[in-house]
Each structure stands twice: as structure tokens, then as C-alpha cells.
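Chain by chain, the residues run as shown.
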2 protein chains.
Amino acid sequence: MSASAGTKKRILDVAERLFGERGYAATSLRAVTVAAGANVAAVNYHFGSKEGLLRAVVDRAMGPVNEARQRLLDGFLADGGKPEVADLVEGFVRTGADLTRPREGGAAAVARFLGRVMCEPDPEIRRLFADEVGAVEGRYLEELTRALPALSAAEVAFRYRVMIGLLALHQAGALADLAPRGVSDGSSPEGPDEETERLVATVLAVFRAP
Amino acid sequence: MSASAGTKKRILDVAERLFGERGYAATSLRAVTVAAGANVAAVNYHFGSKEGLLRAVVDRAMGPVNEARQRLLDGFLADGGKPEVADLVEGFVRTGADLTRPREGGAAAVARFLGRVMCEPDPEIRRLFADEVGAVEGRYLEELTRALPALSAAEVAFRYRVMIGLLALHQAGALADLAPRGVSDGSSPEGPDEETERLVATVLAVFRAP
DNA sequence: GCCCGTTTCAAGCGGTCGTTTTAGATTGGG
DNA sequence: CCCAATCTAAAACGACCGCTTGAAACGGGC
């Protein structure tokens, strides 16, 4: 067994946070290891390379989300019937958006990280992430297409991508930052829960449009 | 006068393309200058620093869009009446989305660049961009709030951010890339025009939801 | 023709990047 | 107790980063 399995976990935690805050390219291994109280060599020992570290962080972060979505979808299909659009959308969005809430263990760093990775420019990173979530997302797209026979497959696919994109922006905290400057918003700070509710309602409206 | 004003323009063109393709942090000045057939020192001579170059590219790219949006909004307001939601949304989205079409002069690099900058993690870059578009965007948000009295200001602001975010993803080409892998999409490749139409319709649906 | 401001270039600055090497701790099993 | 396996640390590798320097090319005005 690992003498101090703490190092590996600490590196993963810090990398998740820093990758989410600054992006992958702008985060150096040294920044990660210093913040984690570890050595640069530990990264290459445990993960092989910087990209290996990213892959490990993605794996750990998406694992529970993928499982939750699988279980939810299996539940919808278990009754033998066709799942409804509202169930599919709410299930999919909420399993992702719930990560933005200050979690039991730690913070909303997971969400920020996942949202950020989804928007990374490097196509290799995009592919890495797509491989991780592809299977589950494909099932949801299929079911949504079945549940929306009035819409063409291309139209459903487009709205599906809108859902994924909005969820990513929400997770990354980018939606909250996109407000224009000069407007003195008298609105209250808007907790993450209110924003999640608005997001679910919005995505539902997108799918229900004629 | 500049002996060969070509160098400055060539650097701007290449930077716009590379920043849009790889992101700001992952693009080195050397990559830009080599592709532009220029020297690294030329960047610091013309723009002062890497961030100065970014600022110049943002300025050049957003200038026409800001002007077009100003003119459009002025036209809506000139009749003395309140502009309608459909006009505001279509005007705003189309002025941004039209950049994705292969332009008269060159390519859709401008759009990709703008969409990418809007999603950059670095808060300083976000601020830089927000300063550039803030004034015009603020006016659209105000008019949208006036045109949607049934919705709370916070609700309009949220849907407004959804519009900005979706437009950014569309410009960056991220919407087209977010499709799940394993699904053999029988759909045709979907040109940018079809996607723009879908985007306009979707954003309109978002604002018209109760 | 010469001059001076503008523009470009090759070279190099200190620093940081991702990665590797080598050696020293630490640990559980025989 | 010792050994082998596991893990971490310090130092260094070559490469590349953004930026600066000093000098060469260029151009129009006198």
C-alpha cells in the first residue's frame, strides 16, 4: 500500500482547483505541486505526465456524474415506458449542476474544472473529455430524440448541444460573469441554487419550443 | 508613414487566428511572428507586449460589431417606440453570428477568436473584453428589460447571459463540437448558416418562455 | 547626397516550462 | 533484521517563454 496516499490525492485536489481556475495551459506543474506540498517529480511518478494528471482529474471528476446519469436513465427506462423530456433534461442538467453547490466534502472546484475542460481549445483535451462522457451522453441524446418525434434529429442534436454548452458555462461560473459592466444591477447576488433553477427552466424551454 | 504597414496587419491577422485556435495562453509570440513572417521584436514594437497585442486584436475585431449593434439599436429607437424582443434578439445575435460566415475578406477566424476570448479563464482578459463590449451590451440589456415587463430584472439578466454565452460558443465553433461521439449522426454536415438560424430561434424561445 | 525618424532584424537576457535522473526516505513481508 | 518495493526529494536537462538590446535597412525631406 502507499505509504502516504495523501500525496496523490492532494495533487489531484489542487490540480482540479487550479485547472478550473486558470485553465490547463496556464497552470504549471510547479504551481500545482507547490500548492500541494509535493515535488514536481511526484506528478510524473504518479501520473506519467501533465496530460496524464489531467486525465486522472477528469476521470475522478466525471465518474460519479456518469454513474448518476446512468442510474437515473436506467430508472426511467425500467418502467418499460419512454422517459419524458422533462425527466431527461432535469436529470441530465441537475446531475451536472449539483456539483456547483458547496459539496459535502469540499468546494465547487469540481464543477468549475469540468466546465472549463469542456471549453478548452486544445482538440486533444476535448477528445479526452468526450471519450469520458460520450457513452452516457449518447444514450441521453437517443432518448431525447425518441421523446421528441416532432423534431428532426438534427434539431434535437442542436438543442442537445445547447444544453451541454449552457451546463458547461454554468459549471465554469462563466454564466455569472457574462453580465455587462456598466449596469448597476439592483438584483441580489443570486446564489448558485437560484441560477441552477433558472438554468433547468431555460433548457426545458429550449427543448419545448416548436 | 509606415514603410510596410503590412507587418502590423499580418501580425494582427495571424494572432487573431492562432488565439482563436489555441487560446491566448497556449499561443506563443514566436508562433505568431513566425507564421506572420516577422520578428518577435516587431510585436513589442507595435503593441508593447503580448497583452497589448491581444488588446489590439480585440479592438479590431469588436469594432465593427459594436458599431453595427449601435446603429441597429439606434434605428429601433429612432421611431420613438419601444423595440420588440424579436428585433433586439435577432439584431444582437445576427451581428455576432454573421462573423462565422466565410467573410468577404478572409475567414471565420474573427468569430472563433471572439468566442474564445469570451471563454478565457484569466479574469484580466475577461475584463479587457468586457470593457470593449460593455457599453453596447448594457444598452441591449436595458431595452430587453423594458421590452419584457412581465419578467423580473434578474430573470431578464439571466436569459441575457444565456444569449451571450450561446453566441460565444457558436462563434468559437464549440457548439458544433459538443456532439457526443458514439452516435452515428445521419444528419448532413450542417453549414454555419443553418446553425445560425437554429441559434436565433433558440435564443428567441429562451426569451419568450414565461 | 546626406540625414533622421521609422521600422525590422538577429542575438541574447533572465526565467519558467515539462520532464528526467539519481539518490535518499519509508514501509510491509520473510 | 533485512530486503525489496514503494514513494519522495533535490538537482539538473534542454527547450521555450516574454521581453530587450543594438545595430542594420528603409524612406521621404532638406
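Above this text is the structure in question.
Everything numeric in this text was worked out from a predicted model, so none of it was measured.

S.K.: Which residues make up the overall build of chain A, and what values do they have?
M.R.: Helix and strand content of chain A: 10 helices and zero strands. For chain A, the sequential pattern of α-helices and β-strands runs α-α-α-α-α-α-α-α-α-α. Within chain A, the fraction of its 210 residues that count as buried is 51%. Within chain A, residue pairs in contact and separated by at least 24 positions form 73% of the contacts whose partners lie at least 6 positions apart. Accessible surface, chain A: about 9500 Å² in total, of which carbon and sulfur atoms supply 53%.

S.K.: So, the relation of the copies chain A and chain B: which residues are in play, and what are the values?
M.R.: Note on the identical chains: chain A maps onto chain B by a rotation of 180° and an axial translation of 0.0 Å, with an RMSD of 0.0 Å. Expressed as an axis order, the relation between the two copies is that of a two-fold axis. Looking at the interface residues of chain A, 100% of them are also at the interface in chain B, so both copies use one shared face.

S.K.: Talk me through helix H4 (residues 50–78) of chain B; I want residue IDs and the actual numbers.
M.R.: Residue and element names in this part refer to chain B. In this model, H4 (29 residues) spans 41 Å end to end at C-alpha, consistent with the 42 Å of a helix rising 1.5 Å per residue. By the largest-angle criterion, Met62 marks the main kink of H4, which is about 35°, and a proline, Pro64, follows within four residues. Looking one or two residues beyond H4, the residue adopting positive phi is Gly80, at roughly 85°.

S.K.: Explain the environment of Tyr24(B) to me, and be specific about the residues and the numbers.
M.R.: All names here are of chain B. Summarising the element assignment, Tyr24 is placed in the loop between helix H1 (6–22) and helix H2 (29–35). Among the residues examined, Tyr24 registers a relative accessible area of 14% and is labelled buried. Separated by 93 residues in sequence, Tyr24 and Val117 place their C-alpha atoms 7.8 Å apart. Setting aside chain neighbours within four positions, we find Tyr24 in contact with Phe19, Lys50, Glu51, Leu54, Glu120 and Ile125. Engagement of the side chain of Tyr24 in a polar contact is seen with the backbone nitrogen of Glu51, the distance being 3.3 Å.

S.K.: Before we move on, could you go through the protein's contact with DNA strand D and cite the residues and values that matter?
M.R.: DNA strand D sits among 20 residues. The nearest are Thr7(A), His46(A), Ser28(B), Arg30(B) and Lys50(B). Near the protein, within 4 Å, the atoms of DNA strand D are sugar or phosphate in 57% of cases. Take Ser28(B): an N or O atom from its side chain is 2.7 Å from a phosphate oxygen of DNA strand D. Within the side chain of Arg30(B), an N or O atom sits 2.5 Å from a base nitrogen of DNA strand D. Per-class residue counts for the surface near DNA strand D are eight nonpolar, nine polar and three charged.

S.K.: Provide a residue-level description of the pattern of salt bridges, including the pertinent values.
M.R.: Evaluation of the coordinates by the stated rule reveals 30 salt bridges over all chains. Sharing partners across several salt bridges, the network here consists of Lys9(A), Asp13(A), Glu16(A) and Arg60(A).

S.K.: Provide a residue-level description of the packing of aromatic side chains, including the pertinent values.
M.R.: All names here are of chain A. Overall, the coordinates contain eight aromatic pairs over all chains when judged by the stated rule. Ring centres of Phe19 and Phe113 lie 6.4 Å apart, and the angle between their planes is 25°; on these two criteria the pair is classed as stacked. Of this pair, Phe19 sits in helix H1 (residues 6–22) while Phe113 sits in helix H6 (residues 109–118); the two residues are 94 residues apart in sequence, bridging distant segments of the chain. In this structure an aromatic cluster arises from ring pairing among Phe19, Tyr24 and Phe113.

S.K.: Tell me about the protein's contact with DNA strand C, residues and numbers included.
M.R.: Taken together, the neighbourhood of DNA strand C is formed by 19 residues, with Arg30(A), Lys50(A), Thr7(B), Tyr45(B) and His46(B) sitting nearest. The contact atoms of DNA strand C, taken as those within 4 Å of the protein, divide so that sugar and phosphate hold 58%. The contact in question runs from a base nitrogen of DNA strand C to an N or O atom on the side chain of Arg30(A), over 2.6 Å. In the model, a phosphate oxygen of DNA strand C is placed 2.6 Å from a nitrogen or oxygen of the His46(B) side chain.

S.K.: Please set out the packing of H4(B) against helix H6 (residues 109–118) of chain B residue by residue, giving values where relevant.
M.R.: How two helices sit against one another is set out by the angle between their axes and by the gap between those axes. Residues and elements named next belong to chain B. With their axes 10 Å apart at the nearest point, H4 and H6 run at an angle of 120° to one another. Classified by the angle their axes make, H4 and H6 are oblique. Our pair here, H4 against H6, has a crossing hand that is left-handed. Of the residues in H6, those in contact with Leu54, Val57, Val58, Ala61 and Met62 of H4 are Val110, Phe113, Leu114 and Val117.

S.K.: Run through the interface of chain A and chain B, naming residues and quoting values.
M.R.: When the parts come together, some accessible area is lost, and that loss is often what is quoted as the size of the interface. Chain A puts 46 residues into the contact, and the matching count from chain B is 46 residues. Each partner contributes to the roughly 3800 Å² buried at the junction of chain A and chain B, and carbon and sulfur atoms together form 70% of this total. Summed over the shared surface of chain A and chain B, the result is four salt bridges. Arg198(B) is the partner of Glu155(A) in a salt bridge, and the nearest nitrogen-oxygen pair spans 2.3 Å. At the boundary of chain A with chain B, the tally comes to six residue pairs in polar contact (both at pLDDT 80 or more). Looking at the side of chain A that touches chain B, the elements with two or more residues in it are H1, H6, helix H7 (123–147), helix H8 (153–172), helix H9 (174–177) and helix H10 (192–208) of chain A.

S.K.: So what's going on with the environment of Glu67(A)? Which residues, and what values?
M.R.: Within the secondary structure, Glu67(A) is located in helix H4 (residues 50–78). A C-alpha to C-alpha distance of 24 Å links Glu67(A) and Glu124(A), two positions 57 residues apart in sequence.

S.K.: Lay out the environment of Glu195(B) in plain terms, naming residues and giving numbers.
M.R.: Topologically, Glu195(B) is positioned in helix H10 (residues 192–208). Between the C-alpha atoms of Glu195(B) and Gly173(B), which are 22 residues apart in sequence, the distance is 10 Å.

S.K.: Quick one: what's the story with helix H5 (residues 85–97) of chain A, residue by residue and with numbers?
M.R.: Residues and elements named next belong to chain A. Compared with the 18 Å implied by 1.5 Å per residue over 13 residues, the 18 Å span of H5 between its first and last C-alpha is a close match. Taking burial as the measure, the 13 residues of H5 include 10 buried ones, the bulk of the element. Of the residues making up H5, those classed as buried are Val85, Ala86, Leu88, Val89, Gly91, Phe92, Val93, Thr95, Gly96 and Ala97.

S.K.: Pulling in residues and values, what's your account of the packing of H1(A) against H4(A)?
M.R.: Residue and element names in this part refer to chain A. Following both chains from N to C, one finds H1 and H4 inclined at 90°, their axes separated by 10 Å at the closest point. Looking at the two axes, H1 sits roughly perpendicular to H4. Taken together, the residues of H4 that come into contact with H1 (itself represented by Lys9, Ile11, Leu12, Asp13, Ala15, Glu16 and Phe19) are Lys50, Leu53, Leu54, Ala56, Val57, Arg60 and Ala61.

Rules used in this analysis
Residues numbered from 1 in each chain as written. Chains lettered and ligands numbered in written order. Predicted model: local features only at pLDDT ≥ 70, side-chain atom pairs only at ≥ 80, totals over all residues. Heavy atoms only, no water. Helix = DSSP H or I, 4+ residues; strand = E, 2+ residues; numbered from the N terminus. Buried < 20%, exposed > 50% of the residue type's maximum accessible area, 1.4 Å probe, protein only. Contact = heavy atoms within 4.5 Å. Areas by Shrake-Rupley, 256 points an atom, 1.4 Å probe, with all protein chains shown as cover. Least-squares fit on C-alpha atoms with pLDDT ≥ 70 in both. Expected span 1.5 Å × (residues − 1). Bend = angle between axes of the 7 residues up to and from the residue. Polar contact = N/O pair within 3.5 Å; in protein donor to acceptor, adjacent residues only side chain to side chain. Near = heavy atom within 4 Å. Nonpolar A, V, L, I, M, F, W, Y, C, P; charged D, E, K, R; others polar. Salt bridge = Lys/Arg side-chain N within 4 Å of Asp/Glu carboxyl O. Phe/Tyr/Trp six-rings, centres within 6.5 Å; stacked < 30°, edge-to-face > 60°. Axes fitted to C-alpha atoms, helices over the stretch in contact; angles between N-to-C directions. Parallel < 35°, antiparallel > 145°, perpendicular 65-115°, else oblique. Left-handed = near helix turned anticlockwise from the far one by under 90°. Buried area = accessible area lost by both parts, 1.4 Å probe.

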